[in-house]
Amino acid sequence: MWWDERVSARFRRNLQPTLTYWSVFFSFGLCIAFLGPTLLDLRCQTQSSLSQITWVFFSQQFCLLLGSCLGGVFKRTLAQSLLALFASSLAISLVFAIIPLCHNVVLLAVVMAVAGLAMGCIDTISNMQLVKIYQKDSAIFLQALHFFVGFGALLSPLIADPFLSDTNCILANGTANASSNLPHIRKSLVPHHPGNLSHYELPMKGLVVTRVSYAFWIMALINLPVPIAVFFLLYKERMVPCFNGSSHPLLSADELALETRPGDKDELSTAGPRPHPAAGHEDLFSCCQSKNFQGVSFTYFAVHITGALVLFMTDGIVGEYSGFVYSYAVEEPLAVVHKVAGYLPSLFWGFITLGRLISIPVSYRMKPATMVFINVVGVLITFLLLLIFSSSVVFLFVGTASLGLFLSSTFPSMLAYTEDILQYQGCATTVLVTGAGIGEMVLQLLVGSIIHDRGSYSFLVCGMIFGCLAFTFYALLVFFHRMYPKPCPELDEASPEKTPEDAGQYQR
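Criteria and cut-off values
- Residues numbered from 1 in each chain as written.
- Predicted model: local features only at pLDDT ≥ 70, side-chain atom pairs only at ≥ 80, totals over all residues.
- Heavy atoms only, no water.
- UniProt positions renumbered as here; feature names shortened; annotations may be inferred.
- Patch = residues over 30% accessible without salt bridge, like charges linked within 9 Å, V, L, I, M, F, W, Y side chains within 5 Å.
- Areas by Shrake-Rupley, 256 points an atom, 1.4 Å probe, with all protein chains shown as cover.
- Salt bridge = Lys/Arg side-chain N within 4 Å of Asp/Glu carboxyl O.
- Helix = DSSP H or I, 4+ residues; strand = E, 2+ residues; numbered from the N terminus.
- 1 Å grid on protein atoms, 1.4 Å probe; cavity = no way out; pocket = protein on both sides within 12 Å on 5 of 7 lines; lining within 4 Å.
- Points joined across faces, edges and corners; volume = space filled by probe spheres on them.
- Nonpolar A, V, L, I, M, F, W, Y, C, P; charged D, E, K, R; others polar.
- Expected span 1.5 Å × (residues − 1).
- Buried < 20%, exposed > 50% of the residue type's maximum accessible area, 1.4 Å probe, protein only.
- Contact = heavy atoms within 4.5 Å.
- Polar contact = N/O pair within 3.5 Å; in protein donor to acceptor, adjacent residues only side chain to side chain.
- Axes fitted to C-alpha atoms, helices over the stretch in contact; angles between N-to-C directions.
- Parallel < 35°, antiparallel > 145°, perpendicular 65-115°, else oblique.
- Left-handed = near helix turned anticlockwise from the far one by under 90°.
- Arc of directions from axis to C-beta.
- Phe/Tyr/Trp six-rings, centres within 6.5 Å; stacked < 30°, edge-to-face > 60°.

- The name an unreviewed UniProt entry assigns to the protein is Major facilitator superfamily domain-containing protein 4, from the organism Lonchura striata.
- In UniProt, the protein has this text filed under Subcellular location (unreviewed entry): "Membrane".
- According to UniProt, the comment filed for the protein under the heading Sequence similarities (unreviewed entry) is "Belongs to the major facilitator superfamily."

Topic: a nonpolar patch on the surface
- A contiguous nonpolar surface patch, about 660 Å² in accessible area, is contributed by W55, F58, F62, L66, L70, V73, F74 and L117.
- The greatest single-element share of the nonpolar patch, amounting to five residues, is contributed by helix α5 (residues 55-71).
- Relative to the elements of secondary structure, F58 occurs in helix α5.

So, empty space enclosed by the protein
- Inspection of the entire model under this criterion finds one cavity of 30 Å³ or more.
- As a volume, the largest cavity reaches approximately 330 Å³.
- Together, 22 residues line the largest cavity, and F28, I32, D315, R356 and E440 are the ones closest to its centre.
- Among the elements that make up the lining of the largest cavity, the one with the highest residue count is helix α21 (residues 428-454) (four residues).
- For the lining of the largest cavity, the per-class residue count stands at 12 nonpolar, six polar and four charged.

Some thoughts on helix α19 (residues 393-408)
- In this model α19 runs 23 Å from its N-terminal to its C-terminal C-alpha over 16 residues, within 8% of the 22 Å that 1.5 Å per residue would give.
- Listed in full, the buried residues belonging to α19 are F395, L396, G399, T400, A401, S402, L403, G404, L407 and S408.
- Next to the buried residues of α19 lie α15 (298-330), α17 (343-365), α18 (368-388) and α20 (410-421).
- The residue sitting at the N-terminus of α19 and contributing the capping side-chain oxygen is S392; that oxygen lies 3.1 Å from the backbone nitrogen of F395.

Some details on the packing of α18 against α19
- Remark: α18 packs on α19, axes separated minimally by 9 Å, with the N-to-C direction vectors making an angle of 165 degrees. Considering their axes alone, α18 and α19 lie roughly antiparallel with respect to each other. Two packed elements cross with a definite hand, and for α18 against α19 that hand is left-handed. In this structure, α18 contributes I374, N375, G378, V379, T382, F383, L385 and L386 to the contact, and α19 contributes F395, L396, G399, S402, L403, F406 and L407.
- Considering only residue class, the contact of α18 with α19 consists of 10 nonpolar, five polar and no charged.

What to know about helix α1 (residues 5-13)
- Listed in full, the buried residues belonging to α1 are V7, S8, R10 and F11. Mapping the buried residues of α1 onto a view down its axis gives an arc of 160 degrees, with all of them on the same face.
- Of the surrounding secondary structure, the elements contacted by the buried residues of α1 are α2 (15-32), α7 (105-134), α8 (138-160) and α17.

Digging into the pattern of salt bridges
- Across all of its chains, the model carries two salt bridges by this definition.
- For the salt bridge of D137 with R10, the shortest nitrogen-to-oxygen distance reads 3.3 Å. With D137 in the loop between α7 and α8 and R10 in helix α1, this residue pair connects regions lying 127 residues apart in the sequence.
- Note on R10: relative accessible area 2%, which makes it buried.

Brief notes about unusual backbone geometry
- A cis geometry characterises the amide bond from E332 onward to P333, with omega recorded as 10 degrees.
- With respect to the element layout, P333 can be found in the loop between α15 and α16 (338-341).
- Positive phi outside glycine occurs at A335, with the angle close to 50 degrees.
- Looking at the element boundaries, A335 is found in the loop between α15 and α16.
- With relative accessibility at 39%, the residue A335 sits in the partly exposed group.

Examining the packing of aromatic side chains
- Tallied over the entire structure, the rule returns 23 aromatic pairs.
- Ring centres 6.1 Å apart and planes at 85 degrees place the aromatic pair F298 and F480 in the edge-to-face group. Taken as a pair, F298 in helix α15 and F480 in helix α22 (residues 458-483) lie far apart in primary sequence, 182 residues in all.
- Overall, F480 belongs to the buried group, its relative accessible area being 14%.
- Here F373 and Y474 contribute two aromatic rings whose centre-to-centre distance is 6.2 Å and whose plane-to-plane angle is 45 degrees, an arrangement assigned as tilted. You can see F373 sitting in helix α18 and its partner Y474 sitting in helix α22, a full 101 residues away along the chain.
- Note on Y474: relative accessible area 6%, which makes it buried.
- Connected via pairs of aromatic rings, a cluster forms that spans F11, W22, F26, Y134, F141, F147, F148 and F151.

Some remarks on the packing of α5 against α7
- Remark: α5 packs on α7, axes separated minimally by 6 Å, with the N-to-C direction vectors making an angle of 30 degrees. Classified by chirality, the crossing of α7 by α5 is right-handed.
- The residue inventory of the contact of α5 with α7, partitioned by class, reads 13 nonpolar, eight polar and one charged.

With respect to the environment of I218
- Inspection of the secondary structure assignment puts I218 in helix α10 (residues 212-223).
- Here the alpha-carbon distance between I218 and S156, two residues 62 residues apart in the chain, equals 9.7 Å.
- Ignoring sequence-local partners within four residues, the contact set of I218 consists of I159 and F163.

What follows is the structure, encoded as structure tokens:
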């Protein structure tokens, strides 16, 4: 096997929770990519204007960011984390089932806000729990976790495609003219961000003819096994209030180790208290409390900030590139045919998913710091070549695929790298997830306004600037890593990493 027996044994001990967290992230991916292709049918369903319906994007993204900030509140115990994941994954299935019943755009925006909150909680809690379980071996499992996001993001548009309207889905006067614009408009509404569609006229009143409801009900059924899997994990851990039977108190990691290695009881009792591997993982608001800042060096803050800034830029690039590459391609000088240009966002997400799959075995052989370096340098070089060959349609497709590959593993690699620097005692997971969410939302808005004022070429220029900033912040992170105080040798010897039998026990 391409990983050693120690990691394999740890994976087997934590098989059910690991698979559960992976499946929950599939729900996240399923929910993040369906809005783009279905938005016009939803606009018909709610009989709203394009400017009104595009606010649904903002409600989802804003509440996703808010959910990421609040997600840490529910991870104080394993029971809270699993209950939050169960509620979030079940909420996503309910959202899919309820969307066809939303005939008002405000109601649809509220429902998508609920989905955003659920997605944010899933994002924070799943990352935190995997880091808790695997610690220094978490990189490979985080890569797999984020593969499931890409897989879900690829699957939901494929499910929706057969049910999308080929012509305008509101029959009224002037329908023929509106129908001729429909393919162009739909391709502009790619995942994450709508394009500038204010100059298109579509009827708002008339007979609604759309079958997109079937797509949402299918996605609700596909997602339903995920909350069931979380419920089974809750049941196994005797955390379901009505089915816990002979309830027992939650055990710490050391107590679990004593159960599995009774012969070592005296050794553990005399070794002194071990540092809790996840003691510093808090929600964003707890991280900002002054008590957490006492006695820490400035490099502690610098590692958090520079790590978050790298993901602010790279996740922002994912959002702005997937949102505007179609608009860039159909404009001069490329003037790509609309149908052909519509493949670019799918190509981008497809190679992100492929890159995450490739990164699973690679991350076991390569350090997270090295992977992040390759990622940010690859993004920088790709944008440079896209600028040099800006008149080449072929290289636009090649560059899109390359950019997807290099961006694919940045988040899990950066998370593993930063947590390793902080010896799993800081607030890295919460801060990085929040920074990535803010970057994805802010850079989309920024690039959209710049393209509107300066033209489509500024799309690549912005990408190049963001790539340079990501590399700069990564260089600063490496600098602060070298300055960060090394762990005490005594604590390092007593850490779970030195006792493979104890390491990776499912912390309850």
